[in-house]
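Architecture at a glance
Here is what each chain is made of, one letter per residue.
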Amino acid sequence: MADTTGSAQHTVRRVIAYVLLFVLVTVAGMGISGVLGRVLDSGSEIVRGGSSDLAQSLAFTVIGAPLAALLWWWLWRRLDEGTERAALSWGLYLSGMYVVSLIVFSVATVDAANSVIRGAWDPARFATALVWFGIWLAHLAMSRHDRRPLRLATVPVVLGGVYGLIAASSGAVSALGALLNSAIRGASALVLVGESVFSPMTTGVLWFIVGGAVWWLHWVRGGASRVTGGLASVALIWVGVLGASLLSLSGIWMSVFVALRLAFDRLEPIAVITEPLGDAVAAALIGAVVWRYHWLVTRERTGGVQRASSVVVAGVGMAATASGIGVIINALLATLSTSIAGSDPRTLLLGGLSAFLVGGVVWWFAWKPADPVSDADRRDTSRRVYLVAVFGVSAIVALIALLIVGYGVFVFALDSTTGTSLIEQVRAPLGLLIATAAVFGYHFSVWRRDRAAVALTTPVRERTIGEVILVTDAASTGQRQLIEQLTGASVTTWVRAAAPGESPAEVPNHADERLSEALNGVTAARLLVITGADGAVQLVPLAE
């Protein structure tokens, strides 16, 4: 009990200390950057805009910085101990402050560079970038020092790579989109070029450069591309594959939608129809590049990562396809109702058709419904979770849509003064209901077929023993799994207490073989199994 209480006290002490250090470093960074910004602004007085801001910066600097340095020095000295380095709080602090300082200094850097390009000087932004760059460098050095955390050691480099990828991709989309928009609009649009084209293009280029540098520093130089742990795999699938596929497919969908409108729906001026085209093409291109790169990275990982990446892409395609079906049904029903004056369901129909085409193609190639499914794919956890999640979520959405349809029907029946037809009342939720019902039916049937196929190919173990009570040494606790595999019985493990000063004996290599031989052919409702350190096995049938 004393050891448990002492361990809890140490844990609480570490959590409080590292939370306090996080707060103090943040306060010191804000204070120093505020004071430095006023010093660098040589063209104005130090005390400008009132004395309260300067007083706050000075208080944060004079009080926060020394306290942060003192607390850090005290904690850093204790990191010589292995238990301190293995503490989760140390890894959480370093990861959190590393990412926060990286984001703050990169945002301030882009803002400061943007102001310089526009011909202005922003000392406050420059000071913020400089101070938080120093904080980030300090935590980068700590993450590579011999006293770096033993737990969550790769989290900073993985999260840094993710942030750099997102920043570089969004900057590239913004810059390329602005360039394409200016090309699509033509020379007549260049009159307002100072704000409508060059401003987002410049900001996008800056974010692409800064984000690309951050991504390269962590992914290539920092070795995040070689990390294969749980967080790295999740980031690879959800950001590199899922996020990039969403970006690319949304751009392709909008591009197809604009093309269909130019061909069949020119009720609005061409300039209005093509307004989102530049950003859409940029999103499609940049997203496709990022998607393709990370897709190739997943091909070098384990089979589970590869199947999970295929499943998430199939989910994106399925969601787009279902949305397209719902919108198409909505538009078709709109043609049967008394539409509002000036409205035309063609735009709605073309939007649904473009989503259906893009999503359907992606879903077909990612899910491959016409190809035979292997036993490994049927047993894969990601596929089973995907199927259950899809038909579960679709059932919930279908239920909500059904309730909305019922509400619209009763409103129409009880209130004849609404001025709208019944179809107009229910066409949107009805389209969603039909689409989600179809998604639920298909994925539920696939799940049932997979489960039936797995059951047929799984050998049924003959259960000759109902329950097993295993008495064993601490070093032999792995025998529980062996007994479960051999008998299919439920196993309760009792660990034999060791004598004072006695160290656990090594389990002999033939212990598992002797246990298998002893259990061969045994039939009992309840069985007591006693194993010894020398490999001896004793079986005692128990009364029910």
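Residues numbered from 1 in each chain as written. Predicted model: local features only at pLDDT ≥ 70, side-chain atom pairs only at ≥ 80, totals over all residues. Heavy atoms only, no water.

**Examining the overall build of the protein**
Along the backbone of the protein there are 18 helices and four strands. Of the contacts formed within the protein by residues at least 6 apart in sequence, a portion of 75% connects residues at least 24 apart. Carbon and sulfur atoms make up 67% of the accessible area of the protein, which totals about 29200 Å². (Helix = DSSP H or I, 4+ residues; strand = E, 2+ residues; numbered from the N terminus. Contact = heavy atoms within 4.5 Å. Areas by Shrake-Rupley, 256 points an atom, 1.4 Å probe, with all protein chains shown as cover.)

**Here we look at the environment of V110**
Mapped onto the fold, V110 is located in helix α4 (residues 88–117). Distance in space between the C-alpha atoms of V110 and W207 is 6.6 Å, their sequence separation being 97 residues. Those residues within four positions of V110 in sequence are excluded, and the remaining contacts are L206, W207 and V210.

**Points about the packing of aromatic side chains**
Taken as a whole and judged by the stated rule, the model has 23 aromatic pairs. Here the aromatic rings of W121 and F126 are separated by 5.5 Å at their centres, their planes lie at 45 degrees, and the arrangement is tilted. On the accessibility criterion, F126 (35% relative accessible area) is partly exposed. Centre to centre, the rings of W367 and Y386 are 5.1 Å apart; their planes meet at 45 degrees, and the pair counts as tilted. With W367 in helix α13 (residues 345–367) and Y386 in helix α15 (residues 381–414), this residue pair connects regions lying 19 residues apart in the sequence. Residues W367 and Y386 agree in their burial class; the two are buried. Sitting over the ring of W295, R299 keeps its end group 4.3 Å from the ring centre. (Phe/Tyr/Trp six-rings, centres within 6.5 Å; stacked < 30°, edge-to-face > 60°. Buried < 20%, exposed > 50% of the residue type's maximum accessible area, 1.4 Å probe, protein only. Lys NZ or Arg CZ within 6 Å of the ring centre and 35° of its normal.)

**Some words on the sheet that holds strand β1 (residues 465–472)**
The sheet built from four strands is open, its strands ordered β2-β1-β3-β4 with mixed pairing. Only two strands of the sheet have a single partner each, and these edge strands are β2 (490–495) and β4 (537–542). Within this sheet the neighbouring strands show an average axis-to-axis angle of 20 degrees, counted without direction. By the bridge criterion, six bridges tie β1 to strand β3 (residues 524–531) in an arrangement that is parallel. Pairing of I469 across the sheet is with L528, part of β3. (Pairing = 2+ DSSP bridges. Axes fitted to C-alpha atoms, helices over the stretch in contact; angles between N-to-C directions.)

**Re the nonpolar core**
The tendency in soluble globular proteins is for nonpolar side chains to be buried side by side. In this structure, Y18, L21, V25, W90 and Y93 are the most contacted members of the largest nonpolar core, which totals 31 residues. For this core, the secondary structure elements donating two or more residues are α1 (2–40), α2 (51–78), α4, α5 (123–143), α6 (155–185) and α8 (198–221). The greatest single-element share of this core, amounting to nine residues, is contributed by α4. Residues in contact with V25, not counting those within four places in the same chain, are A68, Y93, M97, I135 and H139. Within the second largest apolar cluster, 30 residues are counted, among which are V157, V158, V241 and V316. (Core = buried A, V, L, I, M, F, W, Y, C linked by side-chain atoms within 4.5 Å.)

**Some points on the pattern of salt bridges**
One pass over the full model with this rule turns up eleven salt bridges. Across the salt bridge formed by R307 and D380, the nearest N and O atoms sit 2.9 Å from each other. With R307 in helix α12 (residues 303–334) and D380 in the loop between α14 (375–379) and α15, the pair connects residues that are 73 residues apart, well separated along the chain. Judged by relative accessible area, which is 29%, R307 ranks as partly exposed. Using a relative accessible area of 9% as the deciding quantity, one classes D380 as buried. One salt bridge in this structure joins E424 and R427, with 3.0 Å as the shortest N-O distance. Residue E424 and its partner R427 are both found in helix α16 (residues 422–457); the two are separated by three residues, about one turn of the helix. Accessibility classification places E424 together with R427 in one group, the buried group. Linked by salt bridges that have partners in common, R13, R14, R78 and E84 make up one network. (Salt bridge = Lys/Arg side-chain N within 4 Å of Asp/Glu carboxyl O.)

**Focus: a nonpolar patch on the surface**
Together, L40, V116, W121, F126 and L130 make up an exposed nonpolar region whose accessible area comes to about 460 Å². One can find L130 in helix α5. For L130, a relative accessible area of 45% translates into the label partly exposed. (Patch = residues over 30% accessible without salt bridge, like charges linked within 9 Å, V, L, I, M, F, W, Y side chains within 5 Å.)

**Some remarks on the environment of A259**
Looking at the element boundaries, A259 is found in helix α9 (residues 230–264). Classification of A259 as partly exposed rests on a relative accessible area of 44%. Sequence separation between A259 and L350 is 91 residues, and the spatial gap between their C-alpha atoms is 9.6 Å.

**Some points on the environment of I465**
Tracing the backbone shows I465 in strand β1. Under the relative-accessibility criterion, I465 is labelled buried at 0%. Distance in space between the C-alpha atoms of I465 and L519 is 9.5 Å, their sequence separation being 54 residues. Residues within four places of I465 in sequence aside, it is in contact with T487, A489, L519, V522, A524, A525 and L527.

**Brief notes about α4**
For α4, built from 30 residues, the straight-helix expectation of 44 Å at 1.5 Å per residue is met to within 8% by its first-to-last C-alpha distance of 44 Å. Trailing α4 by a residue or two, G119 shows a phi angle of about 90 degrees, which is positive. (Expected span 1.5 Å × (residues − 1).)

**Considering unusual backbone geometry**
You will see that L152, though not glycine, has its phi angle at about 60 degrees, which is positive. Owing to a relative accessible area of 30%, L152 belongs among the partly exposed residues under this scheme. Residues other than glycine seldom take positive phi values, yet K368 does so here, at roughly 55 degrees. The class for K368 is partly exposed, based on a relative accessible area of 47%.

**Some details on the side chain of S245**
Inspection of the secondary structure puts S245 in helix α9. For S245, the side chain forms a polar contact with the main-chain oxygen of V241, separated by 2.9 Å. Those residues in contact with S245, other than ones at most four positions away along the chain, are W291 and V316. (Polar contact = N/O pair within 3.5 Å; in protein donor to acceptor, adjacent residues only side chain to side chain.)

**Focus: the confidence of the model for the protein**
Caution applies to low-pLDDT parts of the model: their predicted coordinates are not meant to be read in detail. Per-residue pLDDT for the protein averages 84, and the proportion of residues at 70 or more is 86%. Across the protein, element-level confidence peaks in helix α11 (residues 277–298) with a mean pLDDT of 95 and bottoms out in helix α7 (residues 193–196) with 44. In this model, residues 187–196 is a region of pLDDT below 50 whose contacts with residues beyond four sequence positions or in other chains number six contacts. Predicted confidence for residues 500–504 stays below pLDDT 50, and this span has one contact to residues more than four positions away or in other chains. (pLDDT = per-residue confidence, 0-100.)

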